[in-house]
Amino acid sequence: MSLDIENTAESAAETENGSFWERNRARIFAVAILTVVALSALALSRMLDDVVFDDLVAVIETTSWKDVVLALAFTAVSFAALSIYDRQALALVGRKAPYSQIALTSFCAYAVGNIAGFGPLTGGTIRYRFYSPLGVSPEDIARIIAYVTAAFGFGLLFVGGLGLAAADARLAALVGLPAFSVRAVAILILALVGATFIAAAVAPRQVTLFGRSIALPGPGALALQLGATLVDLIASALVLWVLLPPGSVDFPTMLSVYAVAVGLGILSHVPGGVGIFETVILGALGSKVPLDGLVGALLLYRVIYYVVPLVVAVIALTVAELRRAAAANVALARGTIALVPVVLSTFAVVLGAMLVFSGVTPTLNEKLDWLQAAIPLPVVEAGHFIASIIGLLMIFAGRGLVHRLDGAWWMTIVLAGISIVLAFIKGFEVGEALLLSVLVGALLLTRNIFNRPAALTQDRLSPGWWLCIGVILALGLAILFFVYKEVDYSHELWWQFEFGATAPRSLRAALGVGLTAGAVSVWLLTRPPTGKSSRPGADELCDAVAVVENQPIADANLVRMGDKSLLFSAGRDAFLMYGKRGRSWIALYDPIGNPDAHEELVWRFVELARRHGGRAVFYEVPAESLAMYADAGLSAFKLGEEARVRLETFDLKGSKRASIRTALNKADRDGIVFEVLSAEQVGNVLDQLERVSSAWLAEHAVREKGFSLGAFERGYITAQPVAVLKQNGRILAFANILITALKEEATVDLMRFHPDAPKGSMEVLFARLLLHFKQEGYQWFTLGMAPLAGLSENPAAPMWHRVGRAAFDHGEAFYNFRGLRAFKNKFDPVWSPRYMAVAGGLNPLLAIADVTVLISGGIRGVIAK
């Protein structure tokens, strides 16, 4: 049951093993972002030459509580408006969910996305985890994410145009451009928005723009979408505006600059747009607003609009988890659970960064006086140094929280607990202690979610996590230089130990963080990157066969081939069968056996692949299991559809079955006899079956396959019954049957015909098998998968669907896609989608290439069929 597309396999294999760019694009991307951050830090350092850290602290301390409360209120309004995107997107795909759940999902998605980087992508992970348990297909989730992304981008363009139109002369004077040029840009943007409204009202729902097909919402939905964006951006801009010194800049100017800064921050893909957003704001408003007041407002804005919502998301999810037992909707409860690891991981990383930044900034003078009176100097020095290193370690632990590792849970609990104590030792940092207490409380109350026993030290960091750590370290270094720019460096600084010697203390903390980061990085990067998969021994195969016999999936009998490695559950009542090709660790089907062990096996397999520097792939999995794979951080890509015949209702009556009746009648006239041989009887005719198989392979000029297909091996063929067509005692065709003791489902693997077999023998063999197993009391007969069937024809569908659909429509020279589906349709099957679960990016293409090569027995098998 393979997706045998040779040209796809070859091109993808070339991608993975080909150009330097394709092999290293993730690393190049990470280096590029770090370069942008470094350049932004350099630009900021030059802009802030005249800003003194003490003056900055004074500005923040003098900000009125009234302004802070107003900023918090506007933050709440902004996030409330954002929930409309998700509600509209769900309506677009015809799905419903309680608004409270939609609002929680949207709030968490933006709270994490604002900090982690490109919001639509990081927020998309949260949406995928939440909506999958509700039964929303991966294709519809992709449409939801695309809609939310497009809605925000379109609204951002609209608000930017309004801001430019309202503040054209003032903004032009601010940036040194002619007023008419700013006004012209505003008119152009607003005209584009107006044209979109007209197109939504009078044009078809699908329009082509710049060669791309775009699905337009109706004018009412578009107006609601723009209204939501307008409220969101105005409210979020007001958060920053109310924190600025009074009367320093008018709001229309602020709004236009803010819209540009937000857009550039998103496009940069830098986590949280850190540095990019600030550079734009300072560059545009630095001459209008006092620098210390502007920088202080930006720092408070980051805390209020970024950190506070994340804290609220942590508390809200913790409460939702406590109320889960009383939840009436199990799917909604499971969706909420899926959000907890991502949000708590993000919170742990933010608090880790907070500890790193706190380590490179000085303790306030009044707090130093308290320390000097209460705590010995060596304890203060040690606490400051250790707290900074703990911050870095907490960032590494955050990676494990995403994967629900109990080791990461324990590590974070211990590190956060120690940090709470150190917060008072190093400077009576009550705010830090409170935030760390929230993290500890949330982790304790959600302990049951973090139940994965895998070792934290065995996990590997992706380029995205290295990027996150690199950005935090770079920002920490920039903060150190900014805070102590008036302190002349000397070697003696390293050895100064005094309560008032904050610069040496911060310098030592930065060194400790740097050395720890270097040591952990070297250790992680120098571990062996490869792994091997070995064939199972006789005892393992016996255990696997025993599991197969007591579960319903007939295709699980492919384990009898012995060509796939096995990963058993702790109780050995379930297993995964998998193969390895290149960097792909490919599991065939869902885990087999006890359903209670499935989730555990999926996590263990994902970790096994990551531990060896590979990608985990789950091939041919059903839609019902996608929530489990989403929880493990994988995305689903449709492969095609599997045909299953409900035997209870199958018969040969009616015009649709006319061709089948004709084939059966002709076979009867030709003296062709159908017979099912038991496993014990197969050995008596094995030589005849082998001759038929060899003739079929020679006739079609193909080799034996593997992995998701069986091969003619004597031990495999004699393990289960075989159906044959005979004429005058001679076997013309055969199919080896796959069944289990539960008698719920039957299927066939190899189906081979002698070149002398009459035309229509395949149809006869299938029809006889269906009637036979109906009589035996089986519920289903599986006809196998039709590759690329059922992919969307919509021009606005995801790229995977459009490429697959093109192959289905025009790839007949390589594979009989349409013919295979048409043949199976004769038996009136129920079609069910089948997916491949794997991480996004280029991974799906590379994974499908590795699957094809694995099935074909190597590149030579792909080329030679």
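Source: prediction; values computed, not measured.

The rules behind each value
- Residue positions are given per chain, counted from 1 along the sequence in the order it is written.
- Thresholds applied to this predicted model are a pLDDT of at least 70 for local features of residues and 80 or more for the giving and counting of side-chain atom pairs; totals over whole chains, interfaces and linings are not thresholded and use all residues.
- Only hydrogens and water are removed before side-chain values are computed, so all heavy atoms of the structure are retained for them.
- A run of H or I in DSSP becomes a helix once it reaches four residues, and a run of E becomes a strand once it reaches two; helices and strands are each numbered from the N terminus.
- The buried label goes to any residue with under 20% of its type's maximum accessible area, the exposed label to any with over 50%, and the partly exposed label to all in between, with areas taken from a 1.4 Å probe on protein chains only.
- The contact criterion used throughout is that any non-hydrogen atoms of two residues lie within 4.5 Å.
- Computed by Shrake-Rupley with a 1.4 Å probe, the accessible areas treat only the displayed protein chains as cover when residues are assessed.
- Buried Ala, Val, Leu, Ile, Met, Phe, Trp, Tyr and Cys residues that are joined via side-chain atoms within 4.5 Å together make up what is termed a nonpolar core.
- Helices are assigned an expected span. That span is 1.5 Å times one less than the residue count.
- Between the N-to-C directions of two axes lies an angle of 0 to 180 degrees, each axis being a line fitted to C-alpha atoms and, for a helix, fitted only over the stretch in contact.
- Whether a crossing is left-handed or right-handed is set by the direction in which the near helix is turned from the far one by less than a right angle, anticlockwise for left-handed and clockwise for right-handed.
- All residues other than Ala, Val, Leu, Ile, Met, Phe, Trp, Tyr, Cys, Pro, Asp, Glu, Lys and Arg, Gly among them, are scored as polar; the first ten of these are nonpolar and the last four charged.
- To count toward a patch, a residue needs a relative accessible area above 30% and no salt bridge. Like charges then connect within 9 Å, nonpolar side chains (Val, Leu, Ile, Met, Phe, Trp, Tyr) within 5 Å.
- We define a salt bridge as a side-chain nitrogen of Lys or Arg found within 4 Å of a carboxyl oxygen belonging to Asp or Glu.
- In predicted models, pLDDT denotes the confidence assigned by the predictor to each residue on a 0 to 100 scale.
- By the definition adopted for this analysis, an angle is roughly parallel if under 35 degrees, roughly antiparallel if over 145, roughly perpendicular if from 65 to 115, and oblique otherwise.
- By definition, two strands form a pair when at least two bridges between them are found by DSSP.
- Stacked, edge-to-face and tilted are the three classes for Phe, Tyr and Trp ring pairs, Trp counted by its six-membered ring, which pair at centre distances within 6.5 Å; planes under 30 degrees apart are stacked, over 60 edge-to-face, the rest tilted.
- Both a distance and an angle decide whether a charge sits over a ring: NZ of Lys or CZ of Arg must be within 6 Å of the ring centre and within 35 degrees of the ring normal.

A. Local environment of the overall build of the protein. When helices and strands are counted, the protein shows 32 helices and 14 strands. Looking at the 865 residues of the protein, the share that counts as buried comes to 54%. For the protein, the proportion of contacts with a sequence separation of at least 24, taken over those separated by at least 6, is 75%. Accessible surface for the protein amounts to roughly 36100 Å². Of this, 63% is attributable to carbon and sulfur atoms.

B. View of the nonpolar core. With 114 residues, the main nonpolar core has Leu240, Tyr258, Phe277, Ile281, Leu285, Tyr301 and Met394 as its most contacted residues. With 15 residues, helix α13 (residues 291-322) is the largest single contributor of residues to this core. Residues in contact with Tyr258, not counting those within four places in the same chain, are Leu233, Ser236, Ala237, Leu240, Phe277, Ile281 and Tyr301. If you look at the next biggest cluster of nonpolar residues, it comprises 44 residues, including Ala544, Ile592, Val685 and Ile848.

C. Looking closely at helix α26 (residues 686-700). Compared with an ideal rise of 1.5 Å per residue, which puts 15 residues at 21 Å, α26 spans 21 Å between its outermost C-alpha atoms and is within 8% of the ideal. Against the buried residues of α26 lie α25 (679-682), α27 (714-717), β10 (722-727), β11 (730-739) and β12 (745-753). Following α26 by one or two positions, Ala701 adopts a phi angle in the positive range, close to 55 degrees.

D. The arrangement of the side chain of Glu763 in detail. Within the element layout of this structure, Glu763 appears in helix α28 (residues 761-775). Beyond its immediate sequence surroundings of up to four residues, Glu763 is in contact with Ser659, Ile660, Ala663, Phe823, Lys826 and Phe827.

E. View of helix α18 (residues 430-445). Across its 16 residues, α18 extends 22 Å between first and last C-alpha, which sits within 8% of the 22 Å expected from 1.5 Å per residue. When α18 is considered as a whole, its buried residues turn out to be Glu432, Ala433, Leu436, Leu439, Val440, Ala442 and Leu443.

F. Molecular detail of the environment of Glu713. Inspection of the secondary structure assignment puts Glu713 in the loop between α26 and α27. As for Glu713 and Met561, which are separated by 152 residues in sequence, their C-alpha atoms are 7.9 Å apart.

G. Expanded view of the packing of helix α3 (residues 53-62) against α13. Between α3 and α13, the shortest axis-to-axis distance is 9 Å and the interhelical angle comes to 60 degrees. Regarding α3 and α13, the two cross each other, and that crossing is right-handed. Within the contact between the two elements, α3 uses Asp55, Leu56, Val59 and Ile60 and α13 uses Asp292, Gly293, Val295, Gly296, Leu299 and Leu300. When grouped by side-chain class, the residues that make up the contact of α3 with α13 number 6 nonpolar, 2 polar and 2 charged.

H. Geometry of a nonpolar patch on the surface. A cluster of nonpolar side chains, contributed by Trp410, Val414 and Ile418, occupies part of the molecular surface with about 290 Å² of accessible area. Structurally, the position occupied by Val414 is in helix α17 (residues 406-427).

I. Spatial organisation of the pattern of salt bridges. Taken as a whole, this structure holds 17 salt bridges when the rule is applied. Here Asp543 and Arg572 are joined by a salt bridge, their closest N and O atoms 3.1 Å apart. Of the two residues, Asp543 sits in helix α21 (residues 538-549) while Arg572 sits in the loop between β3 (565-568) and β4 (574-581), which places them 29 residues apart along the sequence. A residue is classified by how much of its surface remains accessible, and Asp543, at 31% relative accessible area, is partly exposed. The partly exposed category is assigned to Arg572, whose relative accessible area is 37%. A salt bridge links Asp563 to Lys564, with the nearest nitrogen and oxygen atoms 2.6 Å apart. The class for Asp563 is partly exposed, based on a relative accessible area of 23%. When its relative accessible area of 2% is taken as the criterion, Lys564 is described as buried. Ionic contacts of the salt-bridge type, sharing partners, join the residues Asp687, Glu690 and Arg714 into one network.

J. Local environment of the confidence of the model for the protein. Taken over all residues, the pLDDT of the protein has a mean of 77, while the share at 70 or more is 77%. The secondary-structure element of the protein with the lowest mean pLDDT is helix α1 (residues 6-17), recorded at 41, while α18 shows the highest, at 92. Ignoring residues within four places in sequence, the model shows residues 207-213, a span with pLDDT below 50, making 10 contacts including any to other chains. Note on residues 859-865: pLDDT is under 50 here. Beyond four places in sequence and across chains, it has 19 contacts.

K. Up close: the packing of helix α10 (residues 219-241) against α13. The N-to-C vectors of α10 and α13 enclose an angle of 130 degrees; their axes lie 8 Å apart at closest approach. Classed by the angle they form, the pair α10 and α13 counts as oblique. Contacts between α10 and α13 involve Asp232, Ser236, Val239 and Leu240 on the former and, on the latter, Ala297, Leu298, Tyr301, Ile304 and Tyr305. Residue classes in the contact of α10 with α13 are distributed as 7 nonpolar, 1 polar and 1 charged.

L. Structural view of unusual backbone geometry. For Arg572, which is not glycine, the phi torsion reads 55 degrees and is therefore positive. A positive phi is found at Lys743, a non-glycine position, where the angle reads about 55 degrees.

M. Up close: the environment of Trp585. Here Trp585 shows up in strand β5 (residues 584-588). Given the relative accessible area of 1%, Trp585 is considered buried. When the C-alpha positions of Trp585 and Gly613 are compared, they lie 10.0 Å apart, and in sequence the two are 28 residues distant.

N. Quick look at the pairing of β10. Bridge analysis of strand β9 (residues 672-677) against β10 gives 6 bridges, and the strand direction is antiparallel. Bridge pairing in β10 places Val676 opposite Ala723. Looking at chain direction, β10 and β11 are connected through 6 bridges and run antiparallel. Within β11, the position partnered with Val724 by the bridge is Phe734. Counting the residues that bridge the hairpin from β10 to β11 gives 2 residues, and of these Asn728 lies at a positive phi of roughly 55 degrees.

O. Region of interest: the environment of Ala146. Relative to the assigned elements, Ala146 resides in helix α7 (residues 138-166). Taking the C-alpha atoms as reference, Ala146 lies 8.9 Å from Ala89; in sequence the two are 57 residues apart.

P. How the structure looks around the packing of aromatic side chains. In this structure the tally under the stated criterion is 20 aromatic pairs. Ring geometry for Phe277 versus Tyr301: centroids 5.5 Å apart, planes at 15 degrees, classification stacked. Taken together, the positions of Phe277 in helix α12 (residues 276-285) and Tyr301 in helix α13 put the pair 24 residues apart, joining distant regions of the chain. The exposure classification of Phe277 matches that of Tyr301, with both residues buried. Each residue in the set Phe79, Phe107, Tyr258, Phe277, Tyr301, Tyr305 and Tyr306 is aromatic and connected to the rest through ring pairs, giving one cluster. Here the guanidinium or amino end of Arg644 rests over the ring plane of Trp780, the centre of that ring lying 4.4 Å away.

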